[in-house]
Amino acid sequence: MKLAKDYRDSAWNILRGRYWWTVLAGLIASVLGGVGFGGSFNFDFNIKIDTSDFGHFVQEATAGQIDVSQIYSMMHPFTGILAAFGGLVFAYAIAILIVGSAVELGYNKFNLSLYESKADPKIETLFSRFSYFGNALLLRLLMLVKIFAWALLFVVPGIIAMFRYSMAPFLMAENPDLSATEAIEESKRMMAGHKWRLFCLQFSFIGWWLLVALTGGIGAVFLRPYAKAAIAAFYLDLTGRLPDSPYATVGAPNQPASPAAPTTPSLGEGESDSREFI
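All figures in this text were calculated on a predicted structure; none of them were measured in a lab.

Caption draft 1: Up close: the overall build of the protein. A tally of regular secondary structure across the protein gives 12 helices and 0 strands. When the helices and strands of the protein are read in sequence order from the N terminus, they spell out α-α-α-α-α-α-α-α-α-α-α-α. A burial count over the protein gives 36% of its 278 residues as buried. Of the contacts made within the protein by residues no fewer than 6 positions apart, 76% connect residues no fewer than 24 positions apart. Carbon and sulfur atoms form 66% of the exposed surface of the protein, whose accessible area is close to 17000 Å².

Written out as structure tokens, the structure is:
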């Protein structure tokens, strides 16, 4: 049984010479909401500050010399701009939820293609599943509802559900005619007894993700291709299509061939096989 290191090694080998293509693909997929959420870690460093706390802080910091109501009155002319900006952010969130569902399937297909061909991956693969937009959107919504429902019980069941359904987008990426329910049920079957292994694979990147946090999240652009290719290797292993040797993996560097043994030249008429030294 393969370990997390084996999947990372497969990903490392498969990215040789094609890494920057995968960085570009990951960046486009991120902007369009196609990175997905199944079986991945998210680090949230948001700090929530209540408006009453803000007012109390200002009063304490200025010894009561600044009236908070004056600050609010100065900001009042900008409330329309802030509301419009908030509306745009909300509209963008809805758009990436919808559009990103099809892009996620294309991004999974893109990563699987790294193991299928030695050629440079095609960026247009990201958009190859838009004709199955309905199935993709239904799958994303159904996964969200199911994971949220399990998370209502407690955090741990929600995390387990996330890993249980994590292979569904890969399954639909390869078999777009699958219904959302069929993809989820097949993912549940595939992940039976393997959820902990996927967790260990994800956790093995924890050091890298902490470094990404130090960069304000910018480093995720460069780490995501490596992590995503490793998850693709995990999926291929579950389906029995990931060879043991990295050189046997389609798309990996070819193993150097052994030199051919020299052949004895045929002798023509009047020639001798005796060696002469000049």
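Now that the structure has been shown, we can carry on.
Caption draft 2: Helix α7 (residues 155–164), seen in detail. Regarding α7, the residues found buried are Gly158, Ala161, Met162, Phe163 and Arg164. Looking at the buried residues of α7, the elements they touch are α6 (133–153), α9 (180–191) and α10 (195–203).

Caption draft 3: Quick peek at the nonpolar core. Tyr115, Leu139, Met167, Leu201, Phe205 and Tyr235 are the most contacted members of the largest nonpolar core, which has 47 residues in total. Element by element, the count of residues in this core is highest for helix α12 (residues 220–238), at 12 residues. Not counting residues up to four positions away in its chain, the partners in contact with leucine 139 are Ala168, Pro169, Met172, Ala180, Ala183 and Ile184. Counting residues in hydrophobic clusters, the runner-up holds 7 residues, among them Ala25, Ala29, Val103 and Phe110.

Caption draft 4: Up close: the environment of leucine 242. Among the secondary structure elements, leucine 242 is positioned in the segment after α12. Classification of leucine 242 as buried rests on a relative accessible area of 7%. Separated by 232 residues in sequence, leucine 242 and serine 10 place their C-alpha atoms 8.8 Å apart.

Caption draft 5: Looking closely at the packing of α7 against α10. Two numbers describe how α7 lies on α10: the axes approach to 9 Å, and their chain directions differ by 95°. The angle between α7 and α10 falls in the class roughly perpendicular. Taking contact as the criterion, the partners of Ile160, Phe163 and Arg164 in α7 are, on α10, Lys195, Leu198, Phe199 and Gln202. Of the residues that constitute the contact of α7 with α10, the class distribution is 4 nonpolar, 1 polar and 2 charged.

Caption draft 6: Broad picture of the pattern of salt bridges. One pass over the structure, following the stated rule, counts 7 salt bridges. The salt bridge partner of lysine 2 is aspartate 237, with a shortest N-O separation of 3.8 Å. In this pair, lysine 2 sits in the segment before α1 (4–14) while aspartate 237 sits in helix α12, placing the two residues 235 residues apart along the sequence. Residues lysine 2 and aspartate 237 agree in their burial class; the two are buried. Note that arginine 197 and aspartate 237 form a salt bridge whose closest N and O atoms lie 3.5 Å from each other. Of this pair, arginine 197 sits in helix α10 while aspartate 237 sits in helix α12, placing them 40 residues apart in sequence. Per residue, the accessibility class of arginine 197 equals that of aspartate 237, and both read buried. Connected through salt bridges with shared partners, the residues Lys2, Arg197 and Asp237 form a single ionic network.

Caption draft 7: Inspection of a nonpolar patch on the surface at higher detail. Residues Phe90, Ile94, Ile98, Val99, Phe127, Phe130 and Phe133 make up a contiguous nonpolar surface patch of about 570 Å² in total accessible area. Looking at the nonpolar patch element by element, the count peaks at 4 residues for helix α5 (residues 79–113). Within the secondary structure layout, phenylalanine 130 lies in the loop between α5 and α6.

Caption draft 8: Seen up close, α12. Between its terminal C-alpha atoms α12 stretches 26 Å, which fits the 27 Å expected from 19 residues at 1.5 Å a residue. Burial analysis of α12 places 16 of its 19 residues in the buried class, which makes it a mostly covered element. Positive backbone phi, approximately 75°, marks glycine 240, located one or two places after α12.

Criteria and thresholds
Residues numbered from 1 in each chain as written. Predicted model: local features only at pLDDT ≥ 70, side-chain atom pairs only at ≥ 80, totals over all residues. Heavy atoms only, no water. Helix = DSSP H or I, 4+ residues; strand = E, 2+ residues; numbered from the N terminus. Buried < 20%, exposed > 50% of the residue type's maximum accessible area, 1.4 Å probe, protein only. Contact = heavy atoms within 4.5 Å. Areas by Shrake-Rupley, 256 points an atom, 1.4 Å probe, with all protein chains shown as cover. Core = buried A, V, L, I, M, F, W, Y, C linked by side-chain atoms within 4.5 Å. Axes fitted to C-alpha atoms, helices over the stretch in contact; angles between N-to-C directions. Parallel < 35°, antiparallel > 145°, perpendicular 65-115°, else oblique. Nonpolar A, V, L, I, M, F, W, Y, C, P; charged D, E, K, R; others polar. Salt bridge = Lys/Arg side-chain N within 4 Å of Asp/Glu carboxyl O. Patch = residues over 30% accessible without salt bridge, like charges linked within 9 Å, V, L, I, M, F, W, Y side chains within 5 Å. Expected span 1.5 Å × (residues − 1).

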